[in-house]
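Results of the structural survey
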2 protein chains.
Amino acid sequence: MAGDGSDQRALQYEQTLMYGRYTQELGVYAKEEAARLRESGQRRSVSDRSRTLDLLEYDKGRCAKCRRAGYPYVLEAPAHDFISVCTVRCQKFLISRVGEDWIFLILLGLLMALVSWVVDFCIAICLQAQKWMYGGLDSNVFLQYLAWVTYPVVLITFSAGFTQILAPQAVGSGIPEMKTILRGVVLKEYLTFKTFVAKVIGLTCALGSGMPLGKEGPFVHIASLCAALLSKFMSLFGGIYENESRNIEMLAAACAVGVGCCFAAPIGGVLFSIEVTSTFFAVRNYWRGFFAATFSAFIFRVLAVWNRDEETITALFKTRFRLDFPFDLQELPAFAVIGIASGFGGALFVYLNRLIVQFIRKQKAINRFLMKKRLLYPALVTLLVSTLTFPPGFGQFMAGKLTQKESLVTLLDNRTWAKQGIAEEFDYIGHSQAWKHPQVNVFVTLVLFIVMKFWMSALATTIPVPCGAFMPVFVIGAAFGRLVGESMAAWFPDGINTDGTIYPIVPGGYAVVGAAALSGAVTHTVSTAVIVFELTGQISHILPVMIAVILANAVAQSLQPSLYDSIIRIKKLPYLPELGWGHHEKYNIRVEDIMVRDVRYITLNCCYRDLHNVLLTGHLKTLALVESAESMILLGSIERAQLQSLLSQQLGRPRRLEYIRERALAEKKRMSVVSNPGSEDGSQRVSQEVRFQISTEESTFSPVRPVPQKPLKPALKRSSVVERPTEIPTSPHDNSGIALKNLFCASPDAEGLEDDGDVEDDMTIREIAEWEEMQLDEQVNFNNCKIDPAPFQLVERTSLHKTHTIFSLLGLDHAYVTSIGRLIGVVSLKELRKAIEGSVTVKGVKVRPPLASFRDSGTSSSENEATELHKLWDRHKSMSLPREHTPSESDEKSQ
Amino acid sequence: MAGDGSDQRALQYEQTLMYGRYTQELGVYAKEEAARLRESGQRRSVSDRSRTLDLLEYDKGRCAKCRRAGYPYVLEAPAHDFISVCTVRCQKFLISRVGEDWIFLILLGLLMALVSWVVDFCIAICLQAQKWMYGGLDSNVFLQYLAWVTYPVVLITFSAGFTQILAPQAVGSGIPEMKTILRGVVLKEYLTFKTFVAKVIGLTCALGSGMPLGKEGPFVHIASLCAALLSKFMSLFGGIYENESRNIEMLAAACAVGVGCCFAAPIGGVLFSIEVTSTFFAVRNYWRGFFAATFSAFIFRVLAVWNRDEETITALFKTRFRLDFPFDLQELPAFAVIGIASGFGGALFVYLNRLIVQFIRKQKAINRFLMKKRLLYPALVTLLVSTLTFPPGFGQFMAGKLTQKESLVTLLDNRTWAKQGIAEEFDYIGHSQAWKHPQVNVFVTLVLFIVMKFWMSALATTIPVPCGAFMPVFVIGAAFGRLVGESMAAWFPDGINTDGTIYPIVPGGYAVVGAAALSGAVTHTVSTAVIVFELTGQISHILPVMIAVILANAVAQSLQPSLYDSIIRIKKLPYLPELGWGHHEKYNIRVEDIMVRDVRYITLNCCYRDLHNVLLTGHLKTLALVESAESMILLGSIERAQLQSLLSQQLGRPRRLEYIRERALAEKKRMSVVSNPGSEDGSQRVSQEVRFQISTEESTFSPVRPVPQKPLKPALKRSSVVERPTEIPTSPHDNSGIALKNLFCASPDAEGLEDDGDVEDDMTIREIAEWEEMQLDEQVNFNNCKIDPAPFQLVERTSLHKTHTIFSLLGLDHAYVTSIGRLIGVVSLKELRKAIEGSVTVKGVKVRPPLASFRDSGTSSSENEATELHKLWDRHKSMSLPREHTPSESDEKSQ
């Protein structure tokens, strides 16, 4: 079963060339995973609950003790006994109490700091090795070229191959997936140990190659992996580590840690992770992020000090701009220009990145060829990029020999290149030299650097290795800022200020502004400003940076989705798009405009035939339970799978065997007491009685646990409602039924496996059909069925804005629309997504979509949902043995 | 009516000595206000809707145009006509589209920057005036003392008096109120123009007095006032400025602007406002805050540049610490000590502040005396504080002659005082001299400063003037940090580092850390760290600051609520307390443990008598509507006021007059056709018919608007559900009814005002009672009643954690607990608050309250709710004329 499951998992994930694509609707998959997870956690949670009770008892005990202390004459227990019990219990209490959040966050921070430091160290060694090789071969340009090119190609190819083999989910940034997970969708395979190993090693190799790739997205993913694994590990020692809400909270903190220890930027890390992954942020989680990220950043920097890289803890890319007069007021328009241009640039980057992916996906021939030779694409891209950056070749015009880190350091330099006069007391003149070409102006070098790196980064981030795009974009932004700054410095050599004192323009400040603006535009975040301050260790340019970042965001957000949202759409992850900036028609669209009025429902007194018909025709994951077709009063919602299991129980082989047994018994009885009048009536009564007995017996080994009358949690979290949706078809107990076959296409014929062989299944197909017809006319007994008694309800007048808020706040999947208790419609994520993307008409008018330029690229998801049933059939078919088809069967099936 | 309303408002707010206290349950009040607001906005919203339709039509028009452009042969309209129409429509479009958020936020930022600058300017002048007076009188110490003391006493007294007269709601910080408002409670009087004027002028005078008061809390309030007023102003020009969700979003942005332009700290402002006011933060609002706060901070600083105060835009309290080696790793324990000590200090401050308020409240005699002479308390406190700071007196030992700003500047100085050797090139040596007393060590001065300022600030913030506590706490923290720093510098005169290079310790850095830690501890925020960086313009101490702030928060949060939460409790504002840090029993308490099982409900087919009884016995604000007492299927919830209006309609005078008219008519008919058999039957039929006609007629001028069948928005926002709950008693149409009198204690006898004088009310009391008995037996007609058809539902197994999340996310007031559609209980804020504060027992065990130390001080709110009905009676009595009481009435009343 477990093996089957993992096979199936592998099947669901289509390994396309660049990003993986999901063929299965991820929601369905996630629910299956949640069900499996829940099942495996069943035993543990029982023990956990007993632990909790233990603790509560301890509390009670302590209270009792206190009470006794108040009335000393009732104290009768020996003191030493008391103390030893107290010690044990206190210990227990401490473990469960203190061991909760603090220790977890500290461990997470420590772990991530170590990972970050080790990864950084390995990357530095890799890059040094390349430099050493390149430097050692300076006698022969061809050999030099070979060394320069082969090294990254090998590393990238290894990284791609390794990731592909070990865990294809480790490919890419990881932020889009974390965003989806934090919305409440369970993507369990994203948080496994395999993925962790693949991501860490793949990332190290990819960045060690010197390609324009970033590490901040993967670090978010790695931190989340750490948190998930640590949580699993800690749950061995008890505590509340299985709690679902808590896990989500911890993952949110982990995202902050990821960014925080990547840039040694705790505040920026927390803010960036909030902006990038959350829709609604619980302020009570705030401290978790800060705590863990600060600890992590602290350890990360302390490791550098201990390693004698630094004298004390300082910023990663320390700048030394003057403090007394950082910039002139009249320079602000230039900063604003940087912001606006970065906004366009950011949108272009996102567009370019998506264009490349879509172009290669569309070219069927290329795609097919590259899919066969999976590693060819990474190798080719790497070859192209490294060829162009080869320092003696074209690279000399674009500072090709500098690594990402070195370029950033030189770009943030506080000297002015354009004037080339003032030499200050800086010791990394060597690196700055790379920008000065004897024949070519520094402006040309900068422009070439920006243009080349721009498309190279967009291309490189499509390689299927673990990589992000933040750092390359950051460097490009810095280069752009430096370009503007140098131009300003050349234009106003003595500064703009007119007050007599000469304050020359600092192009490094422009570079800082540009870096923040461009990375903010690509990711649609404002907190890049904070990251920049923490990276450079100076906050003097706060106003220019903020102005530029906000302008860049304004421009970029109105043109394109963020890079992460773009990848979410490319990967077709289940995610609700954001409402745009101030599109006020959102307040005017009502639920009644977008809801589906033709709701599939079942009534409380329906018979199995109705159930059968509803399951055959509908395709929603949950069905509404109403009181009656006339009153339409909504009582709750039932999972489709629950209904299928009800139906399969009713038509299942065990029941049929029981029926045969009864029939035989009745036959025997009738034979013996054939003269007794009214026996027909009596036997029927007996049969009725026995049937009830059977049905309760049956419930003990049916997949639905016998919790009658006990309601479940409401549909506030997807994973909490949806339980084992596919278990029923794979269970060995539901193998029968002609009518059932209509649902599952081919029924498993595992009769040989049955152990209750005391009765022979001698019914003919006709008899079975008759029996099933009889069974279908019985009224449904909902006692063993899990009903969500409080599905979320809306009313017709709820605005789209509010609906979106509620859906994203509560992570809803669907909500019923009621009018005074009467069910009148249903809204699901699909309708909502459509409405937001603009394909809904309000009062006959087409509302302009906020992201119109993007809508066409994301194919509609309705197709997926419509084929869900067929998929269920197919899967079932592949897992069970084929059975001979009778004409009546195929007739019914063709219906 | 309007006058009545404002009178009533004044009555509800009990002007206690320090903080005002609400005698009316604020929820009720807020709902009334919401209803009034809604009514006044009725006409406007109609025009708004027509505008919207206009816009949509425009969109359609444009679409049509585009289509026409695609098929040019259908183009028939003359071009110039087209252009003019287009111009007009484009203009309209631009106004409504662009005019939305950007312009609003820019205007808000601009306005607040101006306000902030003007207030700062006035404060500076006030402080200068005091210095000038004090300096000019240096010949006579007594005169000097008089001048030193009289000036602040006069200013504070004026401020207190002015605020009290104009708008008592302007007293205090404003952050607690904003927190409550952002949770969804409408406190409308907090956002009026009067309050704005009172707050600005009161704040300026209060701060101008030189007392240890802050301005950041009031600025949050002022910014929110600006936003609310601006929103009202903008709505004159159309747009969507009435939208409720939008207003909340704008208020959240305004809070950020308030902090941002107060400290010129846009990032810190946004973060601080989020931490302080929100429970769940919508990330899509993030940019609003940043945009407005940045713009505001920018303008605020630009004004300073234009005023020639500064040469360019820099930080407010610029520091000049060395960048290359800001601190040594081995200094970190000292920073941690500052953090932990600040945590304890912060908790102590909150406790002390509350203690002072409660002490004075409890001393009945003092309280009564001070209540009579309202301005005496502020004057006395000011006298005490200013006497103690008198520079030639005790003030010489605590740098008394420095203003808050000057002390902060000197405390953040990067020279070391303890060594007293190194004089650097700073020009404000004059201020630093204040710390150096010829006889007394600088350490003693610092300790005295800290101790004196500590209790002075805690005392001063209880004065009923507009003031905050952030800045005084910030200064005390800086002094504490400086104390630790100076001690370290004295202990390690050559720095700690052992590598040969001497890096002396920078006590100014410690001051920065201390300031952030103490203010973080008092407010329970982490973002004070960011504020500190923005204030000082240096981020080099990021790690020490973060470590200290987090430690301070950890300590303070486990000891005391934040200052703002403390004030919320003192003022008894309706607010849901936070869940504590990682109290995992929250996950184990279920709704079934805390819900009220004895739910008041009404059935769909109940008669008016049931309604009457339910209204008499219950005290909840909403009642559940179930299908029948047997099925208990929840159909919706109805406001108490709605039911009261139903009842008063049924028993009202108009109906009775109609009845009399009909009776007279029937009498007449019977007189004329006395011989006709079956006339009794016929007349009854007629009467039936007429009555129906009347009841529909009546609905047109009944306060319940005739929207039959049209459901309302669900109970997601308090203000949206609750409509005009007290209008019904004040309406002139419900003046009658013995049974009704049981609800409203005394019925208004405005018979003379009635204009339908064609029928004489000749019924005797007995007849009326009989008629009413008859009426009460009729079945309730819910057609004209507003039913919330989708009240929020929970199930028994929902955990307390989740319930709290849902309540705070959606701003719920109550939620019904259902089991498969059946109503089984109800949870309201009260139960939830009790459960969180620990007075609930789970499985018979008392759960330890997370804030046990605090629980006793906040009195339970159940008393308030129980007396709600009586209050309704009393208010009704006070507003209507007295009427003679019959024995039967008082009998029924005593029931």
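Residues numbered from 1 in each chain as written. Chains lettered and ligands numbered in written order. Predicted model: local features only at pLDDT ≥ 70, side-chain atom pairs only at ≥ 80, totals over all residues. Heavy atoms only, no water.

The name an unreviewed UniProt entry assigns to chain A is Chloride channel protein 2, from the organism Dicentrarchus labrax. For chain A, the Subunit (unreviewed entry) comment in UniProt is given as "Homodimer. Interacts with auxiliary subunit HEPACAM." In the Catalytic activity (unreviewed entry) part of its UniProt record, chain A is described as follows: "thiocyanate(in) = thiocyanate(out)". (UniProt positions renumbered as here; feature names shortened; annotations may be inferred.)

**Remarks on the overall build of chain A**
Broken down by element type, chain A carries 38 helices and 12 strands. Sequence separation of at least 24 residues holds for 78% of the intrachain contacts in chain A that already meet a minimum separation of 6. For chain A, the accessible area works out to roughly 35400 Å², and carbon and sulfur atoms hold 61% of it. (Helix = DSSP H or I, 4+ residues; strand = E, 2+ residues; numbered from the N terminus. Contact = heavy atoms within 4.5 Å. Areas by Shrake-Rupley, 256 points an atom, 1.4 Å probe, with all protein chains shown as cover.)

**Focus on the pattern of salt bridges**
All names here are of chain A. The tally for this structure, following the rule as stated, stands at 12 salt bridges over all chains. Close ionic contact of K179 with D565 constitutes a salt bridge, the shortest N to O distance being 2.8 Å. Of this pair, K179 sits in helix α7 (residues 175-182) while D565 sits in helix α23 (residues 563-571), and the two are 386 residues apart along the sequence. When sorted by exposure, K179 lands in the same class as D565, which is buried. (Salt bridge = Lys/Arg side-chain N within 4 Å of Asp/Glu carboxyl O. Buried < 20%, exposed > 50% of the residue type's maximum accessible area, 1.4 Å probe, protein only.)

**Here we look at the sheet that holds strand β7 (residues 787-788) of chain B**
Residues and elements named next belong to chain B. The 4 strands are arranged β4-β5-β6-β7 in an open sheet whose pairing can be described as mixed. Edge positions in the open sheet fall to β4 (601-603) and β7, since each of these has one partner strand only. Here strand β6 (residues 634-639) runs beside β7; their pairing, made up of 2 bridges, is antiparallel. Counted as the bridge partner of S637 is D788 from β7. Strands β4, β5 (622-626) and β6 of the sheet are contacted by helix α26 (residues 640-651), whose axis makes an angle of about 75 degrees with β6. (Pairing = 2+ DSSP bridges. Axes fitted to C-alpha atoms, helices over the stretch in contact; angles between N-to-C directions.)

**A short note on helix α11 (residues 266-277) of chain B**
Residues and elements named next belong to chain B. When the terminal C-alpha atoms of α11 are compared, their 16 Å separation across 12 residues agrees well with the 16 Å that a helix rising 1.5 Å per residue should span. For α11, a buried count of 12 out of 12 residues is recorded, marking the element as mostly surrounded by other parts of the structure. Looking only at α11, the buried set comprises P266, I267, G268, G269, V270, L271, F272, S273, I274, E275, V276 and T277. (Expected span 1.5 Å × (residues − 1).)

**Some remarks on the packing of helix α27 (residues 653-672) of chain B against helix α32 (residues 765-776) of chain B**
Residues and elements named next belong to chain B. At a closest axis distance of 12 Å, the pairing of α27 and α32 adopts a crossing angle of 105 degrees. The pairing of α27 with α32 is recorded here as roughly perpendicular in orientation. Touching R655, R656, Y659 and R663 of α27 are E767, I768, W771, M774 and Q775, all from α32. Taken together, the residues of the contact of α27 with α32 break down into 4 nonpolar, 1 polar and 4 charged. (Parallel < 35°, antiparallel > 145°, perpendicular 65-115°, else oblique. Nonpolar A, V, L, I, M, F, W, Y, C, P; charged D, E, K, R; others polar.)

**Description of the confidence of the model for chain A**
When pLDDT drops low, the exact placement of atoms in the prediction is not to be read closely. All names here are of chain A. When pLDDT is averaged along chain A, the result is 71, and 67% of the positions lie at 70 or above. Between residues 421-428, whose pLDDT stays under 50, and residues either more than four places distant or in other chains, the model counts 8 contacts. The ipTM value of the predicted complex is 0.70, and its pTM value is 0.71. (pLDDT = per-residue confidence, 0-100.)

**Overview of the packing of helix α8 (residues 193-208) of chain A against helix α9 (residues 216-235) of chain A**
All names here are of chain A. Look at α8 against α9: their axes get within 10 Å of each other, and the N-to-C directions meet at 150 degrees. With respect to α9, the axis of α8 lies roughly antiparallel. The two elements α8 and α9 cross, and the hand of that crossing is left-handed. Where α8 approaches α9, its residues F193, T195, F196, K199, V200 and L203 are matched on the opposing element by P218, F219, H221, I222, L225, C226 and L229. Of the residues assigned to the contact of α8 with α9, the class counts are 10 nonpolar, 2 polar and 1 charged. (Left-handed = near helix turned anticlockwise from the far one by under 90°.)

**Regarding the environment of T150(A)**
Residues and elements named next belong to chain A. In this fold, T150 is placed in helix α6 (residues 141-166). Classification of T150 as partly exposed rests on a relative accessible area of 39%. For the pair T150 and H221, spaced 71 residues apart in sequence, the C-alpha to C-alpha distance is 29 Å.

**Considering a nonpolar patch on the surface**
A cluster of nonpolar side chains, namely I103(A), L107(A), L110(A) and L114(A), defines an oily patch on the protein surface of about 280 Å² accessible area. Here L114(A) shows up in helix α5 (residues 102-136). (Patch = residues over 30% accessible without salt bridge, like charges linked within 9 Å, V, L, I, M, F, W, Y side chains within 5 Å.)

**Some remarks on the sheet that holds strand β8 (residues 793-794) of chain B**
Residues and elements named next belong to chain B. Strand order in this open sheet of 3 strands is β8-β9-β10, and the pairing throughout is mixed. Of all strands in the sheet, those bounded by a partner on one side alone are β8 and β10 (822-828). Looking at chain direction, β8 and strand β9 (residues 814-819) are connected through 2 bridges and run parallel. Residue pairing for β9: L794 is matched across the bridge by V817.

**Quick look at the side chain of T277(B)**
Residue and element names in this part refer to chain B. Examined against the element boundaries, T277 turns out to sit in helix α11. With a relative accessible area of 5%, T277 lands in the buried category. Looking at T277, its side chain comes within polar contact range of the main-chain oxygen of S273, at 2.5 Å. Apart from the residues within four sequence positions on either side, T277 is in contact with M178, K179, L182 and C255. (Polar contact = N/O pair within 3.5 Å; in protein donor to acceptor, adjacent residues only side chain to side chain.)

**Points about unusual backbone geometry**
A positive phi is found at H524(A), a non-glycine position, where the angle reads about 55 degrees. Looking at the secondary structure, you find H524(A) in the loop between α20 (507-523) and α21 (528-536). Among the residues examined, H524(A) registers a relative accessible area of 16% and is labelled buried. The backbone of A264(B) shows a phi angle near 55 degrees, a positive value even though the residue is not glycine. The residue A264(B) is located in the loop between α10 (244-263) and α11 in this model.

**Description of the side chain of T462(A)**
Relative to the helices and strands, T462(A) is located in the loop between α18 (442-460) and α19 (470-491). At a separation of 2.8 Å, a polar atom in the side chain of T462(A) contacts the side chain of Y377(A).

**Topic: helix α20 (residues 507-523) of chain B**
Residues and elements named next belong to chain B. Counted at 1.5 Å a residue, the expected span for α20 with its 17 residues is 24 Å, and the 24 Å between its end C-alpha atoms agrees. Counted residue by residue, α20 has 17 buried out of 17 residues, so it is predominantly covered. Following α20 by one or two positions, H524 adopts a phi angle in the positive range, close to 60 degrees.

**Details of the pairing of β6(B)**
Residues and elements named next belong to chain B. Among the 6 residues of β6, 6 are classified as buried, and the element is accordingly described as predominantly covered. Pairing between β5 and β6: 5 bridges, direction antiparallel. Each bridged residue has a counterpart across the sheet, and for L625 the counterpart in β6 is G636.

**A closer look at a positive patch on the surface**
Residues and elements named next belong to chain A. Judged by side-chain charge, K364, R368, K372 and K373 come together as a positively charged surface patch. Considering the arrangement of structural elements, one finds K364 in helix α14 (residues 364-372). A relative accessible area of 57% places K364 in the exposed class. (Lys, Arg positive; Asp, Glu negative; His and termini not counted. Charge placed at Lys NZ, Arg CZ, Asp CG, Glu CD.)

**What to know about the packing of aromatic side chains**
Any pair of aromatic rings gets described here by the distance separating the centres and the angle formed by the planes. All names here are of chain A. Scanning the model with the defined rule gives 34 aromatic pairs over all chains in all. The interplanar angle of 75 degrees and the centroid separation of 5.3 Å between the aromatic rings of F272 and F470 together place this pair among those described as edge-to-face. Residue F272 is found in helix α11 (residues 266-277), and its partner F470 is found in helix α19; the two are separated by 198 residues along the sequence. As far as burial versus exposure is concerned, F272 and F470 are alike and both buried. On the basis of an interplanar angle of 25 degrees and a centroid distance of 5.9 Å, the ring pair of F470 and F474 is categorised as stacked. Placement of both F470 and F474 in helix α19 is noted, with a separation of 4 residues, approximately one turn of the helix. Clustering of aromatic rings is evident, with ring pairs tying together Y134, Y145, W148 and F390. Seen from the ring of F219, K215 lies directly overhead, with NZ or CZ sitting 4.9 Å from the centre. (Phe/Tyr/Trp six-rings, centres within 6.5 Å; stacked < 30°, edge-to-face > 60°. Lys NZ or Arg CZ within 6 Å of the ring centre and 35° of its normal.)

**Observations regarding the state of the cysteines**
Residues and elements named next belong to chain A. Counted under the stated rule, the structure contains 0 disulfides over all chains. Unpaired in terms of disulfides, C126 finds its nearest cysteine sulfur in C205, a separation of 6.4 Å. Take C126: its relative accessible area is 16%, and that puts it in the buried class. Here C226 stays free of any disulfide, with the sulfur of C261 as its closest cysteine sulfur at 8.7 Å. (Disulfide = S-S within 2.5 Å.)

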